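The lines below spell out each chain.
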Amino acid sequence: MTASIFIAMPGNEEAAGALAQAHGATTGQLELRAFPDGESYLRFGTDLSRQMLAIVCTLDRPNDKILSLLFAAATARELGAAKVGLVAPYLAYMRQDRRFKPGEAVTSREVAQLLSNSFDWLVTVDPHLHRYGSLGEIYRIPTSVVHAASLMAGWIRSNVADALIIGPDSESEQWVSTVAKDAGAPYTVLEKIRRGDRDVEISIRNLGDVSGRTPVLVDDIISTGRTMLETVRLLKARGVAAPVCVAVHGLFAADAYEMLIKAGARVVTCNTVRHPSNAIDVHGALAEALKTLRVPAN
Ligand code: R5P
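Residues numbered from 1 in each chain as written. Predicted model: local features only at pLDDT ≥ 70, side-chain atom pairs only at ≥ 80, totals over all residues. Heavy atoms only, no water.

### Digging into the environment of Glu201
You can see Glu201 is positioned in strand S12 (residues 199–203). For Glu201, a relative accessible area of 35% corresponds to the partly exposed category. C-alpha separation for the pair Glu201 and Lys101, spaced 100 residues apart in sequence, amounts to 20 Å. Apart from the residues within four sequence positions on either side, Glu201 is in contact with Glu191, Lys192, Ile193 and Arg195. Side-chain polar atoms of Glu201 contact the side chain of Arg195, separated by 2.7 Å. (Helix = DSSP H or I, 4+ residues; strand = E, 2+ residues; numbered from the N terminus. Buried < 20%, exposed > 50% of the residue type's maximum accessible area, 1.4 Å probe, protein only. Contact = heavy atoms within 4.5 Å. Polar contact = N/O pair within 3.5 Å; in protein donor to acceptor, adjacent residues only side chain to side chain.)

So this is what it looks like as C-alpha cells:
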C-alpha cells in the first residue's frame, strides 16, 4: 500500500521525511505537548480526511510514548483518515513473550492487542521473534517486517576486513548465519546465560580460528549492553583484536553505550532508534516494505 501522509511522533521526523519522499507523499503536522499536570495535549495541523495516514513512532522507551500514540491514532480516525497505520522501526515489549515465572504479565500480547485495536497495519524492523514464529501470532492487523541482516552484512563487507561474525547464543544462530553468509565471513555462536537484567554470563564453546580476524558481535538489540560487554571482555581476555559490535536496535539503557566504548569496542547500529552509533540506514527498506504490504480496503 502507499500512504498519502506520514506524520512523525516527536523524534521521528527524519524517518517520516525519508518515508514520505520514497512514497511521493507529504509529511503532516502533529503538535504534541504536556499540560502542566503531565497529561498529553495533541492537535493535528493537517487535514486528514480520507487520507491514508502512516504515523511514524519508534518504540524505544515505550511507556513514555504509547499513550500519546494511541490518542493520535484515535484522533486521526475521528478526523476522517481512511486508514491509520504505524511505522515503528523498533517494536517494544517483544521480549516478554512467555510467562517465565508464575504470575508474570506476557506484555508482548497486551501491547499487540492495544496496537491492533488502534491501527490498520504495522511495519517494523526485526521484531524480537524468539518464541513467536511471526507477528501474526499476536497482532490481528496486517504486518510487514524488514530484515536488517543484508544491510548489516553490507556494512560489515564495506567496513571490516576479515570479519569473524559472532552471535551471543544459539538462538541467534539462524540470523547470524545469514549475516555471515551475506558478508562472506565465517561465523560462530557463543553460549549465554542471563541470570538477571544486568547479570549475563557468556561462554565460548568454539571460537574457531580468529588469527588475523576482526570479531564482529552481531545481535538484534543492545539494551543494558551486558550481552555485548561480557562478550567483549571475554574476547579481550583471549587476546583477540578489539571487536566491532553491530546491532539492529540500540536501546542503550543507562550507560550501556559508554561502557562498551570504554571496553574498547566500536559500536554500530541501524537507525531504528536515533543514536550517535547509527551507521546503517533502514528507511529505504521500510518504505519498500510498506509498498508491498497488502491492507484490505475495509
Ligand atoms: C536477547 O534475547 C536479545 O537477542 C539480546 O541479546 C538482548 O536483548 C540484549 O540485551 P542486553 O543488552 O541487556 O544484554
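### Concerning the sheet that holds strand S13 (residues 214–222)
Spatial strand order, S10-S9-S13-S14-S15-S16: six strands in an open sheet with parallel pairing. Each edge of the sheet is formed by a strand with only one pairing partner; in this case those strands are strand S10 (187–189) and strand S16 (278–280). Here the strands of the sheet are splayed against their neighbours by 35° on average, with no regard to which way each runs. Note that strand S9 (residues 163–167) and S13 share four bridges and pair parallel. Among the inter-strand pairings, Ala163 is bridged to a residue of S13, identified as Thr214. The strands touched by helix H4 (residues 149–159) within the sheet are S9, S13, strand S14 (244–250), strand S15 (266–270) and S16, with S14 carrying the most contacts at an inclination of about 155°. In the packing of helix H5 (residues 173–183) onto the sheet, the strands contacted are S9, S10, S13 and S14, and the crossing angle to S10 comes to about 165°. (Pairing = 2+ DSSP bridges. Axes fitted to C-alpha atoms, helices over the stretch in contact; angles between N-to-C directions.)

These results come straight from atomic positions and should not be treated as a statement about function.
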